Amino acid sequence: APDRTKVPEAPDYLSMLKNYKSSLTLSEGEAFDPTPANIEKHLVRSQLPTGLKIVTLSKDTRGGSVSAVVDLRFGDEKSLAGKSAIAGVAGSLLMRGTQHKNRQEIQDEMVKLNARISVNGGLSGATASIQTTAANLVPALKLAAEILKEPSFPDAEFDQVIKRRIAGLEEQKTDPAGLARLALERSLNIYPKTDVRYVPTIDEEIADLKAVTLDDVKKFHAQFYGASHGQLAVVGQFDANELRKAAGEVFGTWKSPAAYARIIETFSKTKPVNLKIETPDKQNATFEAGLNLALSDKDPDYPAMVMANYMFGGTITARAPDRIRNKEGLSYGIGTRFMAPANGNLAMFSGNAISNPKASPKVESSFTDELAKTVANGFTDAELAAAKKAFLEERRVGRSQDGQLTGLLATRADQDRTMKWDEDMDARFGALTVDQVNAALKRHVDVSALSIVKAGDFKAAGVY
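Right, let's walk through the structure included here. (Residues numbered from 1 in each chain as written. Predicted model: local features only at pLDDT ≥ 70, side-chain atom pairs only at ≥ 80, totals over all residues. Heavy atoms only, no water.)

## What about the overall build of the protein?
What counts is decided by this rule: Secondary structure elements follow DSSP: runs of H or I no shorter than four residues count as helices, runs of E no shorter than two count as strands, and numbering proceeds from the N terminus. Burial classification: accessible surface area is computed with a 1.4 Å probe over protein chains only, and a residue below 20% of its type maximum counts as buried, one above 50% as exposed, and the rest as partly exposed. All accessibility values rest on the Shrake-Rupley procedure with a 1.4 Å probe; residue burial counts only the protein chains present in the view. For the charge count, each Lys or Arg is scored as positive and each Asp or Glu as negative, with His and the chain ends excluded. Charge positions are represented by NZ for Lys, CZ for Arg, CG for Asp and CD for Glu.
Scanning the protein from N- to C-terminus turns up 18 helices and 11 strands. The principal-axis extents of the C-alpha atoms in the protein amount to approximately 70 × 70 × 65 Å. Within the protein, buried positions represent 49% of all 464 residues. When the accessible area of the protein is evaluated, it comes to approximately 23100 Å², of which 51% is carbon and sulfur surface. Taking the average location of the 60 positive side-chain charges in the protein and that of its 59 negative ones, the two points are 1 Å from each other.

This is the structure we're talking about:
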């Protein structure tokens with residue numbers, strides 16, 4: 001019998017591998033300074049005859065990785081009115097087959113190219129996102145272009161998409177989060193049903209989906225899709241000449257037949273609401289609050305409002321989360337958002353919290369109380385100093401990640417802006433004083449004008 005008291009000696013793996021040499025070479029990448037000025041210095045911009053803008057940043061990356069985004073824009077508020085459901089179905093079908101490949105063959109090609117490609121479309125645009133390696137960027141771009149340009153819109157896939165989208169909407173009828181969010185959006189929306197910016201009810205969306213035909217989808221793609229307006233952004237390791245040549249081949253003559261004009265939303269004051277939605281047998285409740293503001297990101301108060309939102313509800317240690325989640329223990333998660341457009345002047349400040357239905361009234365009370373106190377008394381110098389440091393670091397980290405930077409470059413190209421805009425904005429954030437932030441918050445946020453929606457099983461909880 002073997003002697004089980006003796007432990008066998010472990011092999012000396014280090015000695016075994018001492019003289020091993022791999023044939024695989026892996027680029028470590030370069031140390032790249034993600035300041036806006038340095039990014040701008042390395043950008044190359046061009047434009048195809050169709051109108052598609054191209055912005056690229058070539059640099060060595062770990063493993064030769066590269067990120068790309070194709071962002072197409074089409075249509076205007078008149079031509080797109082009443083076509084939201086059709087556009088959504090068309091966008092959902094893009095990845096489900098082309099004139100040359102079925103759904104599985106598209107997936108197989110992505111595996112072969114070591115590429116992650118996501119293509120989708122909506123009412124006024126379509127986007128293709130690509131993550132791959134330097135050697136595979138051009139074929140991956142060609143595959144994404146094929147998906148965008150030559151969808152086959154299979155009958156069976158069409159029926160499946162319609163059913164799934166309707167099923168999702170039916171589920172939303174009992175979902176506290178979806179119902180509260182939709183009710184808030186509708187309360188802040190000023191547009192009539194005939195307008196492209198109108199926010200429909202769930203039943204209206206379902207009715208629109210049921211009316212969509214496959215022929216509608218095909219006609220929408222033929223009428224609107226094209227590379228006349230949009231941008232291609234690429235960041236990472238790639239051959240710039242090969243990329244430009246490939247972009248010209250796949251997008252250089254593809255034009256959208258429809259005229260394009262950006263859909264702009266203009267501020268209009270809305271009457272505040274306070275709504276309660278019952279969702280029986282749901283364990284969690286959702287609180288939503290929001291307010292329309294007359295601001296764009298060109299407004300002098302924009303940086304101050306961004307920072308005010310960050311300090312009030314932008315992090316887990318901000319004022320609202322610290323009080324309602326950390327100290328009072330009322331909410332599982334809470335935060336606020338502030339969004340202001342580059343075009344138009346309809347901005348929005350909003351907050352969201354998830355809690356036990358029994359705690360919902362206290363969540364609402366604490367949120368409005370904390371917001372009122374902050375508007376009245378403002379933030380402190382210490383809060384602002386800490387927030388500016390953290391916020392600017394978050395922006396720097398975002399620019400250091402190629403995927404995020406690619407999206408940022410596409411956005412700036414769409415807005416006809418360079419990275420000088422980001423450099424100036426960082427400087428404005430850094431130069432903010434607490435008086436400027438407090439004055440901007442007081443000037444724009446009126447707590448009495450806040451619209452509030454809460455959804456949950458309040459009857460069972462014995463509240464409201």
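## A few points about the environment of G122
Rule in force here: Only heavy atoms matter for contacts: two residues are in contact if any of them lie within 4.5 Å across the pair.
Looking at the element boundaries, G122 is found in the loop between β4 (116-121) and β5 (125-133). Sequence-wise, G122 and R73 are 49 residues apart; in three dimensions their C-alpha atoms are separated by 9.8 Å. Contact partners of G122, with chain neighbours within four places excluded, come to F74, A87 and F220.

## Focus on the environment of A246
Relative to the assigned elements, A246 resides in helix α10 (residues 240-251). In this structure A246 comes out as buried when scored by relative accessible area, which is 2%. Along the sequence, A246 and T418 sit 172 residues apart, while their C-alpha atoms lie 24 Å from each other. Sequence-distant contacts of A246, that is, excluding residues within four places in its chain, are made with V138, L141 and K142.

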